[in-house]
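A look at the structure
Spelled out, the chains give:
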Amino acid sequence: MTWSPTYSLSYMFIIFLPVTVSGQRSLSCSLKHLRVRFEYKYYQKGDIIIGGLITCHVDAVHTPRIKIDQYINILAFIFAIDEINKDPDLLPNITLGYNMFDACGSPRKSLKSAMQIMSGKDKEVPNYSCVDDGEVAAFVTDSGSDTSRALIEFLSLYRFTQINYGRSNPLLSDRVLYPTSYQVTPDYQVRNEAIVKTLKYFGWNWVGIITPGHGIGEMESEILSKMMTQHEICVDFIIKLDRDYVMDRKGKEIIKQSWAKVIVVCGLFNKNYAFTIHEAQTDNITLILHESWLGIANLHHFLYQSVNCSLIFLSPKKAIPKINVIQNVNSFTHPYDPLLEDILFILYGCLTKDKSKNIFFTWFYKKKRAINCTEIQGLPELFYHDPSLYYVYTAVHVLAHVLNRFVSRRSSLQTHGLRHKLSKYIRNTVYMDYSGDPIHFNEKGKLTSEWHLENIVFQKYQERYRINIVGIILFKESLEEDLKPLNSVIGNMKWKNNRVREDK
């Protein structure tokens, strides 16, 4: 695996100002008023470059908090590029390179980084490329977040093919606005259809909805309520939470007085959301949850009862080949990887090579004592089980196969203007993933999806709790299809009137 990370500790100021070139005023511009405490970039030269925008920091403008699972996605991206370059049958005589930035959970930072990738320099210069080697052909992005719409629109404006590995975003189905955007994650419209099927199957015609009052969760609740009404399911209430995921007193009173014994919980899990559901006293109400709610297992066990014996939709879990290559990444194999340095400081208190960063991190993370780690340190295995690992790896391989198909039809490489031509080829390319499943995008730029309805049950064993997930129904595309319940399991489901069981 080839690594060439560049790293800067300087503050970055971004401003919309004309740039002077050779005494003339340029129409190029740069961004203003964005300060990022630390910048992280991963770069490798190539005949063709794939850009990457991955959010590793939750908010690097104000804090250095890192999403470790997203760093694993960077490893998957680089591993896929390295694997492709070693394959003699895939893009022969062509080296694939990459240019990746940490988007830091900021729309402005995402735009700045996209401009830097397009321009080929540390300065962002729209409409002008300073790339010395290969042309930037496409992007892999985490465009499922609420903050990424500006990035999607920007890349679509420049006709860049982008494959998004983040949570499926219903906005991207608009092929007029986003004709070059594709998604490799399961389609949430199919999940919404599966929720309606589930309600009809169990005869639940009187339900409630809880949702964040902003972003994709709010959009999901609006789509679901319309679908439920069309299928003669009464939506008794829709309770919208504030930006801190707090429910007001009126919302709690509505739940208390409602006859609804089923509530669909829209939006992604977080700790504040879990406390709100607990305070809403839903112990006797069946909840239908997003798969991210498995994260509640990492919180205190008193929160488990509010979601115990509820239903959760999970997407099929898939692994990538040779994952041990990524799992072997450690302080010895990658001694100059800045993000890995930061993560090892957070996990083990290992000092970085930057003294000013050590001082800041010691204060921010309240470390009593940081040390020079002499032993080889890697990452805990649990971080390698996130499903997005497969989606990032698949996104890079899909682009490689599309590029291979494009190049094989040309007498020479002819990469100029490549970004304008890829979208045509991606719609007509079928890629077989490691497990042999076909990857093919439909007319909405999405993959054929399936969801598994599972029963989530917490059990207490001695002094510890464990979570059991039991499959109930398999859902695939098309609302007209008959359900395929696992009848042997339906009868053994654990409903909300069951308390947390204790095994002797």
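Quick caveat: nothing in here was measured; it's all calculated off a predicted structure. (Residues numbered from 1 in each chain as written. Predicted model: local features only at pLDDT ≥ 70, side-chain atom pairs only at ≥ 80, totals over all residues. Heavy atoms only, no water.)

Looking at the overall build of the protein chain
Cut-off, in case you're wondering: For the purposes of this entry, the term helix denotes a DSSP run of H or I that reaches at least four residues, the term strand denotes a run of E that reaches at least two, and both are numbered from the N terminus. Burial classes: relative accessible area under 20% of the type maximum marks a residue as buried, over 50% as exposed, and values in between as partly exposed (1.4 Å probe, protein chains only). Whether two residues are in contact is decided by their heavy atoms, any of which lying within 4.5 Å being enough. Using a 1.4 Å probe, accessible areas were evaluated by the Shrake-Rupley method; residue-level cover was limited to the displayed protein chains.
For the protein chain, the helix and strand inventory stands at 14 helices and 20 strands. The 504 residues of the protein chain split such that 53% are buried. Taking contacts inside the protein chain between residues at least 6 apart in sequence as the whole, the part at least 24 apart equals 68%. Of the accessible surface of the protein chain, which amounts to about 23,900 Å², a share of 52% is contributed by carbon and sulfur atoms.

Brief notes about the packing of helix α4 (residues 188-201) against helix α5 (residues 215-230)
Packed helices, taken two at a time, are described by their axes: the angle between them and the distance between them. For clarity, the cut-off: Axis lines are fitted to C-alpha atoms, over the contacting stretch for helices. Their N-to-C directions set the angle, which ranges from 0 to 180 degrees. Working definition: roughly parallel below 35 degrees, roughly antiparallel above 145 degrees, roughly perpendicular at 65 to 115 degrees, and oblique for all remaining angles. Should the near helix be turned anticlockwise from the far one by less than a right angle, the crossing is termed left-handed; should it be turned clockwise, right-handed. Gly counts as polar in this scheme, as do all residues outside two lists: the nonpolar Ala, Val, Leu, Ile, Met, Phe, Trp, Tyr, Cys and Pro, and the charged Asp, Glu, Lys and Arg.
Packing of α4 against α5 brings their axes to within 10 Å, and their N-to-C directions diverge by 40°. Classified by the angle their axes make, α4 and α5 are oblique. Between α4 and α5 lies a crossing of right-handed hand. Where α4 abuts α5, its residues Q189, R191, N192, E193, I195, V196 and L199 lie against E220, I223, L224, M227 and M228. A breakdown of the residues in the contact of α4 with α5 according to their chemical character gives seven nonpolar, two polar and three charged.

As for the layout of surface pockets
Rolled over the atoms, a probe sized like a water molecule indicates the empty space that remains. Note the following rule: In this analysis the probe radius is 1.4 Å and the grid spacing 1 Å, with only protein atoms considered; a cavity is a set of points the probe fits into but cannot get out of, a pocket is an open set with protein on both sides within 12 Å along at least five of seven lines, and lining residues have an atom within 4 Å of a point. Grid points are joined across faces, edges and corners, and a volume is the space filled by probe spheres set on the points.
One number sums up the size of the second largest pocket: a volume of about 480 Å³. Lining of the second largest pocket is provided by 17 residues; of these, K318, D437, P438, T448 and S449 occupy positions nearest its centre. Counting residues per element, the ones that place at least two in the lining of the second largest pocket are α12 (388-408) and β16 (438-439). Element by element, the count of residues in the lining of the second largest pocket is highest for α12, at three residues. Of the residues contributing to the lining of the second largest pocket, the split by class is eight nonpolar, five polar and four charged.

Focus on the side chain of E83
To keep things clear, this is the line we draw: Under the counting rule used here, the positive set is Lys and Arg, the negative set is Asp and Glu, and His together with the chain ends is not counted. Here, a salt bridge means any side-chain nitrogen of Lys or Arg that lies within 4 Å of a carboxyl oxygen of Asp or Glu.
Locating E83 in the fold gives a position in helix α1 (residues 68-85). Within the buried set, E83 has no salt-bridge partner at all; the shortest N-O distance to an opposite charge, 4.8 Å, is to K322. Excluding residues that lie within four positions of it along the chain, E83 makes contacts with P321, K322, Y393 and H397.

Some details on the environment of T229
Counted only if it meets this: Distance and chemistry together define a polar contact, namely a pair of N or O atoms within 3.5 Å, with one atom able to donate a hydrogen and the other to accept it when in protein, and with adjacent residues in sequence counting only for side-chain atoms on both sides.
Mapped onto the fold, T229 is located in helix α5. With relative accessibility at 55%, the residue T229 sits in the exposed group. Within the local environment of T229, its side chain forms a polar contact with the backbone oxygen of S225, the two atoms lying 2.9 Å apart.

Let's talk about the nonpolar core
Note the cut-off: To form a nonpolar core, buried Ala, Val, Leu, Ile, Met, Phe, Trp, Tyr and Cys residues must be joined to one another through side-chain atoms within 4.5 Å.
Formed by 65 residues in total, the largest nonpolar core has its most connected members in Y71, F77, L96, I163 and L379. When residues of this core are traced back to their parent elements, those giving at least two are β4 (39-44), β5 (48-54), α1, β6 (96-102), β7 (135-141), α10 (338-348), α12 and α13 (418-426).

Some words on the state of the cysteines
For clarity, the threshold we go by: For the purposes of this analysis, a disulfide is any pair of cysteine sulfur atoms at a distance within 2.5 Å.
Throughout the structure, instances matching the rule amount to one disulfide. At a sulfur-sulfur separation of 1.9 Å, the disulfide partner of C350 is C373. Its torsion about the S-S bond being -90°, the disulfide of C350 and C373 is classed as left-handed. In this pair, C350 is assigned in the loop between α10 and α11 (355-364) and C373 in the loop between α11 and α12, connecting sequence segments 23 residues apart. Assessed through its relative accessible area of 5%, C350 is described here as buried.

Some details on the packing of aromatic side chains
So the rule is basically this: Only Phe, Tyr and Trp rings take part, Trp by its six-membered ring, and two of them pair if their centres are within 6.5 Å. Stacked means planes under 30 degrees apart, edge-to-face means over 60, and tilted covers everything else. Only Lys NZ and Arg CZ are tested; either one counts as a charge over a ring when it is within 6 Å of the ring centre and within 35 degrees of the ring normal.
Enumeration according to the criterion identifies 22 aromatic pairs in this entry. Measuring from centroid to centroid gives 5.2 Å for Y273 and W293, while their planes differ by 65°, and the two rings are edge-to-face. Of this pair, Y273 sits in helix α7 (residues 271-279) while W293 is found in the loop between β13 (286-289) and α8 (304-307), placing the two residues 20 residues apart along the sequence. The exposure class of W293 is buried, given its relative accessible area of 1%. Through a chain of ring-to-ring contacts, the aromatic side chains of F345, F360, F361, W363, F364 and Y365 assemble into a single cluster. For the cation-ring pair, K41 lies above Y43, with the distance from its terminal atom to the ring centre recorded as 5.4 Å. It is R175 that lies over the ring of Y182; its NZ or CZ is 4.9 Å from the centre.

A closer look at the pairing of strand β17 (residues 450-461)
As a reminder, the rule being used: Note on pairing: DSSP must find at least two bridges between two strands before they are called paired.
Across five bridges, strand β14 (residues 310-314) lies against β17 in antiparallel orientation. For I312, the partnering residue across the bridge sits in β17 and is E454. Two strands pair when backbone bridges link them, and β17 and strand β18 (residues 464-476) are joined in this way by twelve bridges, in the antiparallel orientation. Each bridged residue has a counterpart across the sheet, and for H452 the counterpart in β18 is L474.

Overview of the pattern of salt bridges
For the structure on display, the rule yields ten salt bridges. Among the ionic pairs, D82 bridges to K86, the shortest N-O distance being 3.2 Å. Of the residues examined, D82 reaches a relative accessible area of 15% and is grouped as buried. The shortest N-O distance in the salt bridge between D187 and K446 comes to 3.0 Å. Remark: K446 occurs in the loop between β16 and β17 and D187 occurs in the loop between β9 (181-183) and α4; sequence separation between them is 259 residues. The residues D187 and K446 share a single accessibility class, namely buried. Here the salt bridges do not stand alone but share partners, grouping K318, D433 and D437 into one network.

A short note on unusual backbone geometry
Residue R159 is not a glycine yet carries a positive backbone phi of 60°. Owing to a relative accessible area of 39%, R159 belongs among the partly exposed residues under this scheme. Unlike most non-glycine residues, C309 shows phi in positive territory, near 65°. Inspection of the secondary structure puts C309 in the loop between α8 and β14.

Digging into α12
Operational definition: To estimate the expected span of a helix, subtract one from its residue number and multiply by 1.5 Å.
The terminal C-alpha atoms of α12 lie 30 Å apart, and with 21 residues this matches the ideal 30 Å at 1.5 Å per residue to within 8%. Buried residues dominate α12, accounting for 17 of its 21 residues.

Concerning the confidence of the model for the protein chain
Which entries qualify depends on this criterion: Each residue gets a pLDDT score, which is the predictor's confidence in that residue and runs from 0 to 100.
In the predicted model, the protein chain carries a mean pLDDT of 79, and the fraction of residues at 70 or more is 81%. Predicted confidence for residues 1-31 stays below pLDDT 50, and this span has 90 contacts to residues more than four positions away or in other chains. Below pLDDT 50 for its whole length, residues 499-504 participates in 19 contacts with residues either more than four positions away or in separate chains.

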